[in-house]
Structures are given as structure tokens and as C-alpha cells.
Number of protein chains: 2
Amino acid sequence: MGWMADETGLERNAANFVPLTPLSFLARAADVFAGHTALVYGTTRRSYAEYHDRVSRLASALARRGIAPGDVVATLLPNVPAQAEAHFGVPAAGAVLNTINTRLDADTVGYIFGHGQAKLALVDTAFLPLAEEAVALMEGPAPEIIEVPDPHAGHPASGRYTEYEALLATGDASAPWKIPEDEWESLALNYTSGTTGRPKGVVYHHRGAYLLSMGTAVSWKVGIHPVYLTIVPLFHCNGWCHTWMMPTVGGTVVCCRDITAKNIYDAIADEGVTHFGGAPIVLNSIINAKDGDRRNFDHVVEVYTAGAPPPAATLAAIEPLGFRVTQVYGLTETYGHVTECIWRDDWDALPQEERAAIKARTGVLMPMMEDITVHDEKGHPVPRDGQTVGEIAIRGNAVMKGYYRNPKATAEAFKGGFFRSGDIAFQHEDGYIKITDRAKDIIISGGENVSSVEVEGALMHHPAVSLCAVVAKPDDKWGEVPCAFVELKEGREATEADLIAFVRTRLAGFKTPKKIVFCDLPKTSTGKVQKFELRARAKDL
Amino acid sequence: MGWMADETGLERNAANFVPLTPLSFLARAADVFAGHTALVYGTTRRSYAEYHDRVSRLASALARRGIAPGDVVATLLPNVPAQAEAHFGVPAAGAVLNTINTRLDADTVGYIFGHGQAKLALVDTAFLPLAEEAVALMEGPAPEIIEVPDPHAGHPASGRYTEYEALLATGDASAPWKIPEDEWESLALNYTSGTTGRPKGVVYHHRGAYLLSMGTAVSWKVGIHPVYLTIVPLFHCNGWCHTWMMPTVGGTVVCCRDITAKNIYDAIADEGVTHFGGAPIVLNSIINAKDGDRRNFDHVVEVYTAGAPPPAATLAAIEPLGFRVTQVYGLTETYGHVTECIWRDDWDALPQEERAAIKARTGVLMPMMEDITVHDEKGHPVPRDGQTVGEIAIRGNAVMKGYYRNPKATAEAFKGGFFRSGDIAFQHEDGYIKITDRAKDIIISGGENVSSVEVEGALMHHPAVSLCAVVAKPDDKWGEVPCAFVELKEGREATEADLIAFVRTRLAGFKTPKKIVFCDLPKTSTGKVQKFELRARAKDL
């Protein structure tokens, strides 16, 4: 390997080797961008110098409260400033940040408290009942609760716990941070949504969060001083690491507690938001906003969307409103997005429908990743023919350390030297990946694979359909048949027969839903439709 | 430190840990940007797929010719495509790239051949006499010479050596690259200019080049598909690592063999160049270009300038021409630039003179660096008062491994846990660093420190002065006095008395030159004035 004939004196030293950690980004920004606005929430505005001060207070206060390096600190918080501060303050104490999904049930939160062995939890006043019920249900020692009230949002302090600001008051703004000695040290613990069985705890290291942040800043046209709106919950892959990334470019993080079309438009118009990430469902809410909720703005907002490919109809409607949408793809196991549908200039001239089809692709490798390829069952890349499907296999520095206290699942996930995503895709001739389905979302009807995503895409073209999800319904004759759950747009109508006939004009008979159910779709906190629930309902139909 | 209670199964594996190397950037670009133009030289245009093919051929051809991992491969090349290809092809063979300054004398080149123990050298036909003389003068085994002819530039093959294209023809475009197993493996060997004594061989590792590239892509507003003109020679800090960086954003590298104002204007107008780096002297040549050499263009060209602070007069003249100039600072020991004079929007409203003064600052930490501070003699940061000077001390991942086969100089350079730059500066209250002098460039006159840079800045305001350099002249009474060497603009006149009187209106008497010499200034290949030569001449005056 590349060692020279004589490497005497060329070893690592304090000057030329520093473990990679996102903590460095904020330390630099506190100096380089000291007076620039780092955080906005309602009327609260904090500069990078203030952000750094509060993070230092939090870290030293946690240490004084007995939090040791390697301990887990949990949060049950919406996208409020305390959640952003925890992203730096908890690791600055050497501890591991466990942001918990606030929409989980108490039993699951209790399981996570117990499995992660959190010593302390920052809990929004609104989620105290959830935390308390979780503690009652959990096994093992309970975390100490620190309450984060939000009186302006209607959640004044309960008076039952130490408050977040009181905790910060015990800290020292000039206390040095605990910087990792090894960039492989653990930074965060993120539990998967766990559609079957108990959720798994994905462990991130400092190196991966640093590199994903750098790669995102390179790819996402952030320039300098972007204004970022927190739509993706910070408890979801740590908000795709965007909170860690923003200090590299002196960005402003605008916190958004309740994700509504009105709040999004207001943040764009009032705070000059330039960037956000969100599921396609967020795009739909922007498109379908009431007139009174819309605001005018004169810049282009860059949007990373993920979770499901944006339907062509959604793209066609949102781009004229001033949003440039790029699909990205990743999983909790990859710190957020690791592919991006990079746009090529020569696609500009294509008809809108073809452009939308390209935008619906999952994309190509982001700059910090090494290899993302579709593999067949033997672990060989499938031909790039735009049709042969396989599993997306991922290799690179933004891949998790593994699952916490679950070496068996870890070994399974890494079999063959790649992280096996469980997502089914093909590759176009030009290398662009296109997800067809989560492995478990494929419907097998009469021996033919039916892509639920493809059927959903066809339904979304119907002018009355606002949202839909297609799952397998057990069928005596065909094994499974597609079954669609549909939300209609306000004031629009369509019958089951209408929609079936509509899809049939676009898709083969075996791909056409045999059953349409009109209802509100169950969704996760990130706007993903909970198909496991629909699958259960389809079974009972 | 941040290790969790149970880290079983959370170790590095093939899926989640890949050593950082700039080789990854080209491997990705060859797929993601396969058809995009990677390299342009005259009528030659190569796509990323072709670039990758040729790099693979070079790497495998080198291996077949006996180049083993860790061996040194030298180049004596101008900024032609072979030089860019060597930046990937040599490390892809596991070897270490030693780009040698083509303007050095044969004795020094021979010393570098011998000290670096190069096994093979890629030599431009124009520099064969230099290489041959160097081989005749050197000690130890000579490198095998591979000739890189450039017939279009008037340098057809001599017929005496294996030609570069013939070497590539023995390679295999599908041969796998030797990717480092450890990101600390050596990537490049760059000899300092060595103003006194023999030059020192600065060793770069793969990690540092990867991170400097990422940090540059984040900071330099490169967006996607920038068009980069190679003005900085690739033998100078590997062209500030820009050739390694460009594939991360699908950039096009436009090779420029001869740096003239005409060639620069043509590249901007014909190839759409958006970015380049160069010394202030390059900016002056653009400003002072003959009318027939100028071209119109309608975009803004982003320019990183380094080597000396851009004089206010230069900035005032070049910005209206369509160039946005940002000063950066670094050394061979730091892979190129590690600080950048990041512009703040609220400075836009300042008068031109104040804006120029700010642009002449050395700047602040780039995103991939950890700490760059001005230290006093005890290694403590000096107060940020805009006047107390000290030495710039640097810590971060883009700091060299050390000096090759010189552990003593390495230990000296890293004393105190920082790389000690030898550059003298103060820090403004806002943290921006301002270099006043190289340690050896300070003139001590009557016990007062005189900054040669300050005196040069004053002289540059005179309308007849094109370029100048100020050094110490020994003086019986004052110890040293400032002595200025001046190039006048074509067609302009000024006497020694004129210039002395002019400077006296701007500076204190002890800072005013006592002697002015009109002559052509001796320059290095990167446009830096060779002050050591002027110092010798000042001594003899």
C-alpha cells in the first residue's frame, strides 16, 4: 500500500490529525459567523455566538448532573430550539443523543427508554403524559425528565420537573467541549420505525455525521447563509443531519413546531427560507393550501424530498409556485439521504411528463458515498437495463455502525460487505436508480410482481385523488391483488368504479386495483403512510 | 469518551468504513457524470468516462512497469492533461505523486529526484533538457523518463524516450485501482520552494486531500459543473487540490499551458470558465491586458487569490471587469488554502477603499480546518486587537504528515501541537487574520518593525507602478532600511524621488523606502516575487 520507503516522523500528531465530528462545525461557526443568526423560533433569534454559549451550558450542565461520556440522553421534542441545541450539547458532553419519535405509542417509547438505557430525557411539556406513561410501562431504571415548556405554543411548564432553562443556568458557557478522541465514537442512537416487531436502535458515529454534512453542503447548492426550515423532524435521522450541516455555511435554522402549509408559506415569506426537506405529502399540502394561507415570495426554494417518489402531478403543480424539488433517498441506517436525483441540463428541454418521470428517480450516489448499486440475490450488480430489479446495496462512510445491542441484526444487515437496504429497484442505463418498492411492499398477483408505487403513481394522475396507498389484499384466486386506499381532494368526487376504470386505461389488468377504499390514511410523523396498518385492514376486507 | 455501554458488533466493516481518498471523487464522477466534459486542452475534450479510462490505463501501465505501492513517481509538466491524469493515475497505482516545479534549476531538480527517490518521471518535451541535466547531476539511481510531447504547443516528441501515450497503451482501462487501506497512506510529495538551503519534501496523505477538496467545494460557491481554469500550476500544492476536487461537482478542468492575459480571456469567453486561482500578479496581467487580448463575457468569474494580499488598486480595477476576488491563504504544508476572507453582506455598503482593505485580509478558517490562530512566542493566542502580531499557528486535517526523510524539521514545524507557519500576522476583533509579513520579510529599522507588505501596498497606489517588492537593505545607522524594487507600467514614468515622496504622504518616515530600484522583478513559477534574490541585490547596493 501507499507507504513510502521511509515514513519516520510522518505519524499523526495533534496538529495534523483531528477526529471528524460535527462539533467542529459549530465551534468554527461560533467564531467565523459569530453575529449571524443561527436559530429562529417565533420571536426568538439567536446568533451563532449565543447558540455556542447555550450548547456549552447544556453540555456542562449535563456533565454536572452526572451524564458521563457514552451515556444516552433522550429527547421527546418537536422541532424547537432545544432539539437543535441537544444535537450539539449532548455530544459536547461526550454523550449519545437519542431523539425519539414523539408520535410513537407509550409502550414503544418505554421500550426505547429501556433498550437505550437513557439516563436523562428532554421532554416537551406536550409530551409529558407520553413520557410518564412510557416510564410506567418500561423495564429498568427510568431516565430523569427535564421539561422543555413552550408557553407561546400553548404548553406552559407543568411545574413537576426541572425546566430546560433552569438546567442551562447550572451550566458554564465557557466550559470546553468533550471532543471525541476517535471519530468512531458514538454520536446518536435512532430507532427505526419498526413496522414489525420492536424497533432497532441505529448507532451513528461522529465521522459519518461529519461526512454526510459535508457531502450535503457540496451537493445541495446551499451557498453561504442558506435559511433552512425544519420540516423533517429532527428525530428522523437527526433531520437528515441538516442541523449539524448548517454551521458549515453559516446557515440559519428556522424551527417549525407544527408543519402546516400556512407555517411553511409564512416562514418562506417572512424569514426568507431557501431550503427545506420533506416528504411528498408536504409538497401536496403546499399545493393544496387554502388561498388565505398562501404568501408571495420571489426566490426559488430548494426542496429535498424523500420517503416516496414525488408523483408527476405533484411536481407539475409545485414547480411553478417557486419550488425546485430534488428527490433524495436514504434510510435511518444511512444518516439520511445518500442518493440524489442530480438534474442534467439537457433534460430541461424534455416535455413536462418526461421531466417528472426523471425527477421521480431515486438518483445517484451523493459525494460522500462510495457505492450504491442494485444487487441480485447473489450479491452481483443487476444489468443497467431499466427493468431488472434487485435490492439496493450501500457502501460508504455514512452507513451506521450497526444496531445497538443487536449484533445478530447488524451482521444480517451487513452480509456481503454492503448495507442491504431492503428496497427494491432497477438501474437505468445511465446509472440512475429507481425504487420500485420496499421489499415488503411488492404485491405478487398471479405470479406477477406488481409495484405498489407504480399503481399509486397511476392513481395520483386522477384529478380527484389527493393521496393514495396501494397494498396487497389476499385473494383466493390470485394469491394477492392490489387494493387502494384513497383520500379525495376537498370538494372533489369519484367512485370506486371511476378510479378502477381510470387506472385500467394506464396499467395492465393485473396491476389495476380490485378494491378501492375511501378513507383518511394513517401516517407516520414524517408523512409516510403506514402501510402495515393498511395491510391489516386489507386482510379484513 | 463516547463509547456506549455495549459496542458489540458496532466495529468498522467493509460497508460502513472506507478510507477517505480523492480517488473516490473520480470513481463516482466517472459514473454519475460519465458523459460530462472533465478535461479540455485546446481541441482535446475528454468526458469523465474517458478521464477514468485513461487514469486506469496509467495506473495499470505504471504497475506493469514495476511501480509498486509507496514508490514515488515524479512529473516535470506544465498544466497539460497528463498532469491532471497523473493526479489520479499515480495514486491509483498506490504510488506517491511528486510534481516538480518546472522552473527550478537542474541542480535542485536533481536533488529532488535523489531525495524523493523517484522511480519514474513524466517529463514534458520542453523540459527534457532540464530533466537530463538533473539526472546527470543527481546522486543515486535516476528515474526512468517517460516523455509527454505537446506538438500543438511546438514540442513534438524527441524520439529518445517512451512516450506517454505509448505507456497508456500498455495499460488496461478496466484494471481496478489500488485504493488505500489506510487514509494516512502517502498520496503526494511536494517540495517547498526552499528560499534558503535545500527544499523540504512535504508529504500529503489521502485523508487531507479528500477533506481539503470537500471544504473547498463547500466554501467556493462552485455549485454544480463549474468550469475551472488551471492557472495555479499543478506542481504547486497540487494546484491547491482543485484537480482532485473538481469531480465532486462534475467540474470541467480547462488546462492552460502558458498563463497569459489573452489565454485567460479566451478561456473565459470560449470555454465559459467560472473559477480559477492565481496570485495577485495574474490579476494585474488581466487588468493591464492589451485591448486586442481582452474578450467580453457576461458572467462573474470567481477568483481565489493567494501568495500575497491583493493590493487595493488591483481589486478596484479588476472587480468591474467581471471578477469576484477572494483572498485565501495557505502553504505547501497545508495542501493549499486553509483560510478564506469570507465576505459579509454588511460590508457591501462600505466605501471602495474600506472594502479593499477588508479584501486584503488573510481571512478565517475554512470549513475542514480546526484552528488557525495567531500565537505569541509562548504559544498563546495574541489579543484580537488589530495590532498585536504573532505567528500563524495551524491545526486541522489538511496539515501535512511532515517533511520526507527529515524528522528533525518535522518535529520543529509541529512544536507545541500546531503547525508553525512562519507567517507573521495580527487578528482583528472579529477574528479575521491579517498577515503582515513572512517572518523573514520583516524589516527592522531603528528598532521599529516595518512591514514590507504595507510599504508595497502604499507604492501600488501610485498610478505608474505595475509591480513592486520591498526588502531590507543593510544600513549603518538604522540597521535596516526599506528598499523597493519597482516595475513601471508600459508608457508610464516616475522617478525615485517621485515614489519616495508619494509613499511619504501615506506612511511614516521610517517606513518610507530609502532606495528605489527600477527593474524586472525575479519571480517564481507561481508569480511570487523571489525576495531572497532581491535581498541579495539590496545588500550589494
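Higher on the page you've got the structure.
Predicted model only: the values in this text are computed from it and were never measured. (Residues numbered from 1 in each chain as written. Chains lettered and ligands numbered in written order. Predicted model: local features only at pLDDT ≥ 70, side-chain atom pairs only at ≥ 80, totals over all residues. Heavy atoms only, no water.)

Residue and element names in this part refer to chain A. Taken in spatial order, the nine strands line up as β2-β1-β11-β10-β12-β13-β14-β15-β16 in an open sheet, and their pairing is mixed. Two strands close off the open sheet at either side, each with one partner strand: β2 (44-47) and β16 (364-365). The sheet contacts of helix α7 (residues 206-219) involve β13 (301-305) and β15 (336-340), and relative to β15 the element is tilted by about 45°. (Pairing = 2+ DSSP bridges. Helix = DSSP H or I, 4+ residues; strand = E, 2+ residues; numbered from the N terminus. Contact = heavy atoms within 4.5 Å. Axes fitted to C-alpha atoms, helices over the stretch in contact; angles between N-to-C directions.)

Moving on to the packing of aromatic side chains. As enumerated under the stated definition, the model contains 24 aromatic pairs over all chains in all. Here the aromatic rings of B:Tyr51 and B:Phe88 are separated by 5.8 Å at their centres, their planes lie at 85°, and the arrangement is edge-to-face. Here B:Phe88 lies in helix α3 (residues 81-92) and B:Tyr51 lies in helix α2 (residues 48-64), a separation of 37 residues in the sequence. For the pair shown, B:Tyr51 and B:Phe88 are each scored as buried. On the numbers, 4.2 Å between centres and 15° between planes, the contact of B:Trp220 with B:Tyr304 is stacked. In this pair, B:Trp220 sits in the loop between α7 (206-219) and β10 (227-229) while B:Tyr304 sits in strand β13 (residues 301-305), placing the two residues 84 residues apart along the sequence. The burial state of B:Trp220 is the same as that of B:Tyr304; both residues are buried. Feature note: the residues A:Tyr48, A:Tyr51 and A:Phe88 constitute an aromatic cluster, connected by ring pairs. Seen from the ring of B:Trp184, A:Arg12 lies directly overhead, with NZ or CZ sitting 5.7 Å from the centre. The ring of B:Trp343 has B:Lys359 sitting right over it, with the charged end atom 5.2 Å from the ring centre. (Phe/Tyr/Trp six-rings, centres within 6.5 Å; stacked < 30°, edge-to-face > 60°. Buried < 20%, exposed > 50% of the residue type's maximum accessible area, 1.4 Å probe, protein only. Lys NZ or Arg CZ within 6 Å of the ring centre and 35° of its normal.)

Here the focus is the relation of the copies chain A and chain B. One copy of the chain maps onto the second through a rotation around an axis plus a translation along that axis. Expressed as a screw operation, the relation of chain A to chain B combines 0.0 Å of axial shift with a rotation of 180°, fitting to an RMSD of 0.1 Å. Such values leave the two copies arranged in the relation of a two-fold axis. Proximity to the rotation axis, assessed at the C-alpha, singles out A:Val218 in chain A; its C-alpha lies 2.5 Å from the axis. Taken as a fraction of all interface residues of chain A, those also at the interface in chain B reach 100%, which identifies the copy contact as same-surface. (Least-squares fit on C-alpha atoms with pLDDT ≥ 70 in both.)

Tallying the contact residues gives 82 residues for chain A and 82 residues for chain B. Across the chain A to chain B interface the summed buried area is about 6600 Å²; carbon plus sulfur atoms make up 60%. By the criterion of area lost to chain B, the three top residues of chain A are A:Met1, A:Met4 and A:Trp184, representing 11% of everything that side buries. Connecting chain A to chain B are six salt bridges. Notably, a salt bridge pairs B:Arg384 with A:Asp31, separated by 2.8 Å at the nearest N-O pair. At the surface where chain A touches chain B, the tally comes to 30 residue pairs in polar contact (both at pLDDT 80 or more). Looking at the side of chain A that touches chain B, the elements that each hand over two or more residues are α1 (23-32), β8 (186-191), β9 (201-205), α7, β16, β18 (390-396), β19 (402-403) and α14 (407-413) of chain A. Element by element, the count of residues in the side of chain A that touches chain B is highest for α7(A), at seven residues. Classifying every residue of the side of chain A that touches chain B by side-chain character gives 44 nonpolar, 18 polar and 20 charged. (Buried area = accessible area lost by both parts, 1.4 Å probe. Salt bridge = Lys/Arg side-chain N within 4 Å of Asp/Glu carboxyl O. Polar contact = N/O pair within 3.5 Å; in protein donor to acceptor, adjacent residues only side chain to side chain. Nonpolar A, V, L, I, M, F, W, Y, C, P; charged D, E, K, R; others polar.)

Before going further, it helps to examine the environment of B:Tyr204. Summarising the element assignment, B:Tyr204 is placed in strand β9 (residues 201-205). For the pair B:Tyr204 and B:Ser186, spaced 18 residues apart in the sequence, the C-alpha separation amounts to 5.8 Å.

Bringing the pairing of β13(B) into the picture now. All names here are of chain B. Most of β13 is tucked away: five of the five residues are buried. By the alternation rule, side chains of β13 split into Val301, Val303 and Thr305 and Glu302 and Tyr304, which are all buried. With four bridges joining them, strand β12 (residues 275-278) and β13 adopt parallel strand pairing. Within the sheet, the bridge partner assigned to Gly277 lies in β13 and is Tyr304. Assessed by its sense of winding, the connection that carries the chain from β12 through helix α11 (residues 280-287) to β13 is right-handed. (Right-handed = clockwise from strand over helix to strand, strands pointing away.)

A few words now on the sheet that holds strand β16 (residues 364-365) of chain B. All names here are of chain B. Spatially, β2-β1-β11-β10-β12-β13-β14-β15-β16 is the arrangement adopted by the nine strands of the open sheet, whose pairing is mixed. Looking at the sheet topology across the chains shown, the edges are occupied by β2 (44-47) and β16. The sheet contact formed by β13 and strand β14 (residues 323-331) spans five bridges and is parallel. Bridge pairing in β14 places Thr305 opposite Gln327.

To continue, consider the nonpolar core. If you look at the biggest cluster of nonpolar residues, it comprises 196 residues, and the most contacted ones within it are A:Ile394 and B:Ile394. If near-sequence neighbours (up to four positions away) are discounted, A:Ile394 is found in contact with A:Tyr329, A:Leu331, A:Thr334, A:Val338, A:Met369, A:Asp371, A:Ile372, A:Val399, A:Phe418, A:Phe419, A:Ser421 and B:Ala15. (Core = buried A, V, L, I, M, F, W, Y, C linked by side-chain atoms within 4.5 Å.)

With that settled, consider the pattern of salt bridges. With the rule as written, the count across this model stands at 54 salt bridges over all chains. For the salt bridge of A:Glu7 with B:Lys401, the shortest nitrogen-to-oxygen distance reads 2.6 Å. You can see A:Glu7 sitting in the segment before α1 and its partner B:Lys401 sitting in the loop between β18 (390-396) and β19 (402-403), one on each of two chains. With its nearest N and O atoms 2.7 Å apart, the salt bridge here joins B:Arg295 to B:Asp270. Here B:Arg295 is found in the loop between α11 and β13, whereas its partner B:Asp270 is found in helix α10 (residues 261-271), with 25 residues between them in sequence. On the basis of relative accessibility, which here comes to 31%, the residue B:Arg295 falls in the partly exposed class. Each of the salt bridges in this network shares a partner with another, and the network as a whole consists of A:Arg46, A:Arg54, A:Glu85 and A:Glu165.

Below, the discussion takes up helix α11 (residues 280-287) of chain A. α11(A) sits mainly inside the fold: six of its eight residues count as buried. Restricting attention to buried positions, one finds in α11(A) the residues A:Pro280, A:Val282, A:Leu283, A:Asn284, A:Ile286 and A:Ile287.

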